[in-house]
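Secondary and tertiary structure notes
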Amino acid sequence: MRKRAVWFIPRPERDPKFHRDALLALAEATGNFKVKWEGNRSAHIAYERKLAERGLKRNSTSCDGSGGRTWAAMLRAFSYCYLDDEGYIVPTKAGRKIMEGIKVFENIKKQILTFQIPNAYFLEAGFRPKFEESFAIRPARFLIKLCCRPDLDFNLTKEEITFFVLTAKRDSDLDAVAEQIRAFRSASSGEREALKRDIAAIFDHRERSDRGARDFEAAHSDVAHTFMLLCEYTGLVRYARRRALRVDPSQAGRVLEEIAWYDERYPFNRRYLISLQRMAESSGLDVDSYKAGSCGSIKPASNRRKTEMKIRQLLQDVPAPAEMPYEELVEVLRRELPPHEAEEAAQRIKNAAPLSHLSDAFVESYLSEADSLAFENKTGEILKALGFDVVMRPEAQGSPSRIEILVKYGGGRCGLIDCKNHRDKFTLSSSAASMMYGEYIPNYDGYENCRVEFFGYVTASSFGGEKNLEKISRRAEMHMQGRKIRGIMLNARTLLGFLDYCLEAGIPRDERVELFLRAVKNRGYSTAEEMLREVGLR
């Protein structure tokens, strides 16, 4: 199946002022989200009926609930809610605030301006066809920025949006798209038709014989119309119905300032690298839950932009920069920045937000780390951010074998973590299990007066051999005079997702450690959602 190369959005109701009604209808149809949604046609049909009762759709229902599914897809695309791994709809913070009638306009505006491709809904297994991998764009912000350009006369026609804007793939495509539109405007009518035919041939993903400029426009101008309505709702642009999107030239500077504020406060979200649920929860933060880049507020101007890039580069090995002690943060930044710049940047980061969050640069570097030593070090940084006192590769008395990570906590207790940077799959074999119960646990018991209380494995990708965790516990019990020592196995995405949730929820460091220990039950966790549910956070 050919992948999507053009913007898309589920659009049963285009006007965002009805999004709250659609959410309330969904809550009613699912018993306040307690009825399973996935595969439940009766719930889908019930939702259609509730929508009809509220006047949001015609008073008729489909035989299979497809209308309800499309409406729910629209709400999920805007991260008002998401589908959890058990098939239930879960409202995000923004979704709940909107339903409660709290800052409804502000929260809907925020969801429009933070809507991005890709997002959690577009990456779900059931969404077809998928977008091309090169997409990384915030459509509403992109459209509004284009409208503010003097070289485009502060306006875009629906035709121009359909053929040139909807095919943009990255936020950085602004200049290229503007150049295409200027060329289109100066072309003859025959040249314009040829340009449109070329675009239709290149970008239309639909497998059909009637593709062409006219058919492409008929199919995609409806999407253009929807995005134009969404942008108008924000109050930053005006939409002359079915014709053009416009900005008052005297207001263009103010509009760009507001969009720049959104760019700083809500950077492109890459939580999909961790999990789709964490992506949806992060994208669905309400306006009172601060979300900002890990570098704090640095205006994107000339040398400042380069400085910001340098800071991000220096912090790519730090999972939660705002959580770091000020002195340690300065020390990291001083590796390449002058002392006064390092101190200023550290202060910005510490003051950037009342809410700590995971660094996107760290997420990307950790999940793509090919070097095993670096993977171990970054795993240690995550465990440190969770609240453990981390010792990397400690010496064990009487043995040359070293565990990668020892974590101390709770006054006299410790755990052992073995890191496995296998790109495909790590299977906990009998020999690896023997190393843990026969050498690591007995050799490190008593390390700096700490008793070994648990062991674990962190893998780069998938894992197997989970049953051997119980075997290690049984054998360790024999070595340790009957003491119960349990284990845990989790992949890098799960560990990141767990920390990400703790940071976003504002859970104190000592409580994070206790929550992690609560998950140590001789079992493995393939997703953060499994682990969060096990410890009672779901």
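Bear in mind that the values here come from a model prediction, so they are computed numbers and not experimental data.

1. So, the overall build of the protein chain
On a plain count of helices and strands, the protein chain comes out with 22 helices and 13 strands. Radius of gyration (C-alpha) of the protein chain: 26 Å, near the 24 Å computed for a compact globule of 538 residues. By principal-axis analysis of the C-alpha atoms, the protein chain measures approximately 85 × 60 × 45 Å. The proportion of buried residues among the 538 residues of the protein chain is 56%.

2. Structural notes on the packing of helix 2 (residues 41–53) against helix 3 (residues 66–77)
Close contact between helix 2 and helix 3 brings their axes to 7 Å; oriented N to C, the two are set at 80°. By the angle between their directions, the pair helix 2 and helix 3 is classed as roughly perpendicular. Contacts between helix 2 and helix 3 pair Arg41, His44, Tyr47, Glu48 and Leu51 from the former with Ser66, Gly67, Gly68, Arg69, Trp71, Ala72 and Leu75 from the latter. Looking at the contact of helix 2 with helix 3 residue by residue, the classes come out as 5 nonpolar, 4 polar and 3 charged.

3. What about the state of the cysteines?
Per the counting criterion, the structure on display carries 0 disulfides. Note on cysteine 419: no disulfide assigned, nearest cysteine sulfur contributed by cysteine 414 at a separation of 15 Å.

4. Remarks on empty space enclosed by the protein
What the rule picks out here adds up to 6 cavities of 30 Å³ or more. Considering only enclosed or pocket space, the largest cavity measures out at about 100 Å³ in volume. Taken together, 12 residues make up the lining of the largest cavity; nearest its centre are Thr114, Tyr266, Pro267, Asn269 and Ser283. Sorting the residues of the lining of the largest cavity by element identifies helix 5 (104–114) and helix 12 (276–283) as the ones contributing at least two each.

5. Description of the layout of surface pockets
Here the second largest pocket is characterised by a volume of approximately 710 Å³. If you trace the second largest pocket, you find 33 residues lining it, with Arg76, Leu83, Glu124, Ala125 and Gly126 closest to the centre. Secondary structure elements with two or more residues in the lining of the second largest pocket: helix 3, strand 1 (81–83) and helix 12. With 5 residues, the top contributor of residues to the lining of the second largest pocket is helix 3. Class assignment for the residues of the lining of the second largest pocket results in 17 nonpolar, 7 polar and 9 charged.

6. Looking at the sheet that holds strand 7 (residues 405–409)
An order of 6-7-8-10-12-13 is seen for the 6 strands of this open sheet, with the pairing classed as mixed. Among the strands making up the open sheet, the edge pair consists of strand 6 (389–392) and strand 13 (523–525). Put simply, the sheet's adjacent strands are angled 25° from each other on average, direction ignored. Together, strand 6, strand 7, strand 8 (413–420) and strand 10 (451–459) form the strand contacts of helix 17 (residues 372–386), whose direction differs from that of strand 6 by roughly 165°. Across the sheet, helix 20 (residues 492–504) lies against strand 10, strand 12 (486–491) and strand 13, angled at about 95° from strand 12, the strand it touches most.

7. Points about helix 2
Given 3.6 residues to a turn, an α-helix orients residues that are three or four positions apart in the same direction. Under the 1.5 Å per step criterion, the end-to-end length of helix 2 is 18 Å for 13 residues, consistent within 8% with the ideal 18 Å. The complete set of buried residues in helix 2 reads Ala43, His44, Ile45, Tyr47, Glu48, Leu51 and Ala52.

8. Points about the nonpolar core
Across soluble globular proteins, you tend to see nonpolar side chains buried next to one another. Counting 85 residues, the largest nonpolar core has Trp7 and Tyr47 as the members making the most contacts within it. Top contributing element to this core by residue count: helix 10 (residues 213–233), with 9 residues. One finds Phe388, Cys419, Val513 and Leu515 within the second-largest nonpolar core, a separate group that totals 43 residues.

9. Quick look at the packing of aromatic side chains
Throughout the structure, instances matching the rule amount to 32 aromatic pairs. Centroid distance phenylalanine 8 to phenylalanine 122: 6.3 Å. Interplanar angle 50°. Geometry classified as tilted. Here the residue phenylalanine 8 occupies a position in the segment before helix 1 (19–29), and phenylalanine 122 occupies one in the loop between helix 5 and helix 6 (139–147), the gap between them amounting to 114 residues. For the residue pair phenylalanine 8 and phenylalanine 122, the accessibility class agrees, reading buried in each case.

10. Here we look at the confidence of the model for the protein chain
Parts of the model with low pLDDT should not have their predicted coordinates read in detail. Across the protein chain, the average pLDDT comes to 90, with 94% of residues at 70 or higher. Model confidence for the protein chain, summarised as mean pLDDT per element, is weakest for helix 13 (residues 302–314) at 73 and strongest for helix 6 at 98. Considering only residues more than four positions removed or in separate chains, one finds that residues 296–302, a stretch of pLDDT under 50, has 15 contacts.

11. Some words on the pairing of strand 12
Across the 6 residues that make up strand 12, a large majority, 5, are buried. Sheet analysis places strand 10 next to strand 12, joined by 6 bridges and oriented parallel. Within strand 12, the residue paired with threonine 459 across the bridge is asparagine 491. Relative to strand 13, strand 12 is paired through 3 bridges, and the arrangement is parallel. By the bridge assignment for strand 13, isoleucine 488 is matched with arginine 523.

The rules behind each value
- Residues numbered from 1 in each chain as written.
- Predicted model: local features only at pLDDT ≥ 70, side-chain atom pairs only at ≥ 80, totals over all residues.
- Heavy atoms only, no water.
- Helix = DSSP H or I, 4+ residues; strand = E, 2+ residues; numbered from the N terminus.
- Rg over C-alpha atoms; globule rule 2.2 N^0.38 Å.
- Buried < 20%, exposed > 50% of the residue type's maximum accessible area, 1.4 Å probe, protein only.
- Axes fitted to C-alpha atoms, helices over the stretch in contact; angles between N-to-C directions.
- Parallel < 35°, antiparallel > 145°, perpendicular 65-115°, else oblique.
- Contact = heavy atoms within 4.5 Å.
- Nonpolar A, V, L, I, M, F, W, Y, C, P; charged D, E, K, R; others polar.
- Disulfide = S-S within 2.5 Å.
- 1 Å grid on protein atoms, 1.4 Å probe; cavity = no way out; pocket = protein on both sides within 12 Å on 5 of 7 lines; lining within 4 Å.
- Points joined across faces, edges and corners; volume = space filled by probe spheres on them.
- Pairing = 2+ DSSP bridges.
- Expected span 1.5 Å × (residues − 1).
- Core = buried A, V, L, I, M, F, W, Y, C linked by side-chain atoms within 4.5 Å.
- Phe/Tyr/Trp six-rings, centres within 6.5 Å; stacked < 30°, edge-to-face > 60°.
- pLDDT = per-residue confidence, 0-100.

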